[in-house]
Amino acid sequence: MNKNLNDCIKSRHSAREFSEKEIPENVLHEILEMARFAPSSKNTQPWKLSLVEGARLEALKKELCLQFDNNASCRPDFTQGLQEIYRPRAIALGKSILTYKGIAREDKEGRRLHDRANFDFFGANAILILSVLPEPNETTLMDLGIFAGYLMLAIENAGLSCCPQVSVANYADSFRKILPELSEEKIAMVFPFGYALENSHLNAFESTREPYENWFRKIS
Ligand SMILES: Cc1cc2nc3c(=O)[nH]c(=O)nc-3n(C[C@H](O)[C@H](O)[C@H](O)COP(=O)(O)O)c2cc1C
């Protein structure tokens, strides 16, 4: 399926329930071929992307859920602290998704399971891990962010869906433990992806956006 850019941008949103349908090799190729065109500072193209499926993915889910269940201390490779000024938006998102799922504020177990679903990659059969060589500078991280945007639109364009995640990167060492291929790399983001489960109530959740007047200014 090929959409136009306008459709891709407007229709893309995070999916958190996936179907069992496998991703055909040619579709994966199409996605990677599009993401490849992302621009980067000095054309360094510093991203690494790993597709993980099957037994290795199951082992990773098990390890991450164990860390979560044990309340293990978070050791992300990149800081995740919220800037105070943006905290209200993050709180509003959390409240709206929990309300949408019918999980009450006082339902501690419901909230725990909601968070835990991240570490099972929302049941997806495939994930993409975005990583980078050690000691990236901040511009390199911008390159990764731009690449992530291209990747998400390429996934949407191919008729698939994903959920960008940093929560799981809190246990970066678990990735390196289960996937020695990444032992020399830093974990930036993960994308559970595949065909979104049709008629899923959860997948119909939509985050709001600020009007652009809240972040755009004209200077002359
Ligand atoms: C860098 C980044 C990290 C994110 N981490 C998570 C995550 O750990 N878990 C999750 O459920 N969603 C995560 N999200 C999804 C955001 O909540 C979502 O993109 C935002 O609410 C906008 O909604 P939309 O993607 O449906 O348009 C992340 C998004 C980005 C861009």
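All figures in this text were calculated on a predicted structure; none of them were measured in a lab.

Student: Please explain the pairing of strand β4 (residues 186-194) as it appears in this structure.
Tutor: Remember that side chains alternate between the two faces of the sheet whenever the strand is regular. Within β4, eight of the nine residues are buried, leaving the element largely enclosed by the surrounding structure. When strand β2 (residues 126-132) meets β4, the two strands line up antiparallel, connected through six bridges. Across the sheet, Ser131 pairs through a bridge with Ile187, a residue of β4. Pairing geometry for strand β3 (residues 161-162) and β4, over two bridges, is antiparallel. Opposite Cys162, over in β4, you have Phe193 as the bridge partner.

Student: When you look at unusual backbone geometry in this model, what are you seeing that I'm missing?
Tutor: When glycine is set aside, most residues are seen to have a negative phi, and most peptide bonds are trans. Phi at Asn71 takes a positive value of approximately 55°, unusual for a residue other than glycine. Within the secondary structure, Asn71 sits in the loop between α3 (54-69) and α4 (87-101). Residue classification places Asn71 among the exposed residues on the basis of a relative accessible area of 67%. Phi angles above zero are rare outside glycine, and Phe122 is one such case at about 55°. Residue placement: Phe122 occurs in the loop between α5 (108-116) and β2. The class for Phe122 is buried, based on a relative accessible area of 14%.

Parameters at a glance
Residues numbered from 1 in each chain as written. Predicted model: local features only at pLDDT ≥ 70, side-chain atom pairs only at ≥ 80, totals over all residues. Heavy atoms only, no water. Buried < 20%, exposed > 50% of the residue type's maximum accessible area, 1.4 Å probe, protein only. Helix = DSSP H or I, 4+ residues; strand = E, 2+ residues; numbered from the N terminus. Pairing = 2+ DSSP bridges.

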